[in-house]
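# Structural description and commentary
As a plain string of letters, each chain reads:
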Number of protein chains: 2
Amino acid sequence: MGDADVLRQVGLRVTAARLAILRTVREGGHLDVDSIHRRTREHVGQVSLQAVYDALRALHEAGLLRKIEPMGSPARYEARVGDNHHHLVCRTCGSVTDVDCVKGQAPCLDPTDTSGYLVDEADITFWGICPRCQTKGN
Amino acid sequence: MGDADVLRQVGLRVTAARLAILRTVREGGHLDVDSIHRRTREHVGQVSLQAVYDALRALHEAGLLRKIEPMGSPARYEARVGDNHHHLVCRTCGSVTDVDCVKGQAPCLDPTDTSGYLVDEADITFWGICPRCQTKGN
DNA sequence: TTCCTTTACTTGAGTCATTCAATAAAACGA
DNA sequence: TCGTTTTATTGAATGACTCAAGTAAAGGAA
């Protein structure tokens, strides 16, 4: 199934911008909005930053993209959704790496005491220094 | 040991603003900067917003306060540090509640595969609907 | 195909949390 | 008490993101 069908399936219109943005995020890893904007332009020419914001929100609300916001840095988007994986974030360079769920397949949704909350998601970020920044000294 | 000594111990000068801010955060739970500013004023009169930002950063860097930034809302500070607890955040009203570490005393610092990262902290946020918002029938 | 309605895109201005910069005022060791 | 260093004040700036109004494109209906 192509991306056009994926979009239609979630009730979104198929536009060049959305197809390009979807592709960009898939290729890119964990890109911020600015990077997505720049790379998307390389694919389809002119696209406004607002169009990128709009499309990312639509794609995110439709469940096609996941949005992460590590403390202190702008939002990032990734195409890997629905598998409840977590993230390693480098304190030095800010790079993000996926980590599979700590508990295997289970969705990590069980704090020992939920205090009455109806919990539907566990958002887990591991902070540390990435291999490259370790070797770079400091 | 009083707060003044606590401040001196971490190498910070003792000022009325810092003492009041520390007290405010202790009393407040998970307050954002604006709330801290407002409440601190009630304790000591005039304090500028920037002084609050500066003090919070200093206190945070000194390890006296913990900073959390749930997606989509301004930063919040809490006085409970060093025990690696986690947070429940309400999707509806944004309120934050503490949860003890899922793994008991252990610091939850073991993703199955760290990809070479030197991990020093696990930041875990559980998202859901708080009891009050559940009964309010959204 | 053409028309029409709905949805998306563009441009430009606005908001909010946070930071920067320069001056004034305290803290605290000498 | 003095002098240096750190902290506070005031005001301006930044950056990520949103809002709003008009234009363009998508896709169903005629």
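To be clear, the structure that these remarks concern was listed above.
Not measured: the values here are computed from a predicted model.

## Description of the protein's contact with DNA strand C
- In the vicinity of DNA strand C, 17 residues are found, and the nearest of them are Arg13(A), Arg18(A), Ser48(A), Ala51(A) and Gln50(B).
- The sugar and phosphate moieties of DNA strand C supply 67% of its atoms located within 4 Å of the protein.
- One nitrogen or oxygen atom from the side chain of Tyr53(B) is found 2.9 Å from a phosphate oxygen belonging to DNA strand C.
- Contributions of two or more residues to the surface near DNA strand C are made by α2 (16–28) and α4 (49–61) of chain A together with α4 (49–61) of chain B.
- Considering only residue class, the surface near DNA strand C consists of 9 nonpolar, 5 polar and 3 charged.

## Section: the sheet that holds strand β3 (residues 76–78) of chain A
All names here are of chain A.
- Strand order in the open sheet formed by 3 strands is β1-β3-β2, and the pairing between neighbours is antiparallel. Each having just a single partner strand, β1 (31–32) and β2 (66–68) make up the two edges of the open sheet.
- Two elements, β2 and β3, share 3 bridges in a ladder whose sense is antiparallel. Along β3, the bridge assignment pairs Arg66 with Glu78.

## Focus: the sheet that holds strand β6 (residues 118–129) of chain B
- Strand order in the open sheet formed by 6 strands is β5(A)-β4(A)-β6(A)-β6(B)-β4(B)-β5(B), and the pairing between neighbours is mixed. Strand pairing shows two members of the sheet lacking a second neighbour, β5 (96–99) of chain A together with β5 (96–99) of chain B, which therefore form its edges. In this sheet, adjacent strand axes meet at a mean angle of 25° when their direction is disregarded.
- Across 4 bridges, the pairing between strand β4 (residues 86–90) of chain B and β6(B) is parallel. Counted as the bridge partner of Cys90(B) is Gly128(B) from β6(B).

## Points about the packing of helix α3 (residues 33–44) of chain B against α4(B)
Residues and elements named next belong to chain B.
- Packing of α3 against α4 brings their axes to within 10 Å, and their N-to-C directions diverge by 115°. In terms of orientation, α3 and α4 fall into the roughly perpendicular class. Note on packing geometry: the crossing formed by α3 with α4 is right-handed. The residues of α4 that touch α3, namely those facing Val33, Asp34, Ile36 and His37, are Leu49, Val52, Tyr53 and Leu56.
- Tallied by class, residues from the contact of α3 with α4 come to 6 nonpolar, 1 polar and 1 charged.

## Quick notes on the protein's contact with DNA strand D
- DNA strand D sits among 17 residues. The nearest are Gln50(A), Arg13(B), Arg18(B), Ser48(B) and Ala51(B).
- Of what DNA strand D places within 4 Å of the protein, 65% of the atoms are sugar or phosphate.
- Val14(A) has a polar backbone atom sitting 2.9 Å from a phosphate oxygen of DNA strand D.
- In terms of residue class, the surface near DNA strand D is made up of 9 nonpolar, 5 polar and 3 charged.

## Structural notes on the environment of Thr40(B)
All names here are of chain B.
- Along the chain, Thr40 falls in helix α3.
- On the basis of relative accessibility, which here comes to 0%, the residue Thr40 falls in the buried class.
- Each C-alpha atom, one on Thr40 and one on Ala16, is 10.0 Å from the other, the two residues being 24 residues apart in sequence.
- If we skip the residues at most four places from it in the chain, Thr40 touches Ala17, Ala20, Ile21, Thr24, Gly45 and Val47.
- A distance of 2.5 Å separates the side chain of Thr40 from the backbone oxygen of Ile36, its partner in a polar contact.

## Things to note about the pattern of salt bridges
- Under the counting rule described, the total for this entry stands at 22 salt bridges over all chains.
- Across the pair Arg8(A) and Asp5(A) runs a salt bridge whose closest N-O atoms are separated by 3.8 Å. Residue Arg8(A) and its partner Asp5(A) are located together in helix α1 (residues 3–9), separated by 3 residues, close to a single helical turn.
- By relative accessible area, which is 52% here, Arg8(A) ends up exposed.
- For Asp5(A), a relative accessible area of 35% corresponds to the partly exposed category.
- Taking the shortest distance from any N to any O, the salt bridge between Arg80(B) and Asp83(B) comes out at 2.5 Å.
- We classify Arg80(B) as partly exposed; its relative accessible area is 30%.
- Taking relative accessible area as the criterion, Asp83(B) reaches 31% and is therefore assigned partly exposed.
- The network of salt bridges with common partners includes Arg80(A), Asp83(A), Asp98(A) and Asp100(A).

The rules behind these values
Residues numbered from 1 in each chain as written. Chains lettered and ligands numbered in written order. Predicted model: local features only at pLDDT ≥ 70, side-chain atom pairs only at ≥ 80, totals over all residues. Heavy atoms only, no water. Near = heavy atom within 4 Å. Polar contact = N/O pair within 3.5 Å; in protein donor to acceptor, adjacent residues only side chain to side chain. Helix = DSSP H or I, 4+ residues; strand = E, 2+ residues; numbered from the N terminus. Nonpolar A, V, L, I, M, F, W, Y, C, P; charged D, E, K, R; others polar. Pairing = 2+ DSSP bridges. Axes fitted to C-alpha atoms, helices over the stretch in contact; angles between N-to-C directions. Parallel < 35°, antiparallel > 145°, perpendicular 65-115°, else oblique. Left-handed = near helix turned anticlockwise from the far one by under 90°. Contact = heavy atoms within 4.5 Å. Buried < 20%, exposed > 50% of the residue type's maximum accessible area, 1.4 Å probe, protein only. Salt bridge = Lys/Arg side-chain N within 4 Å of Asp/Glu carboxyl O.

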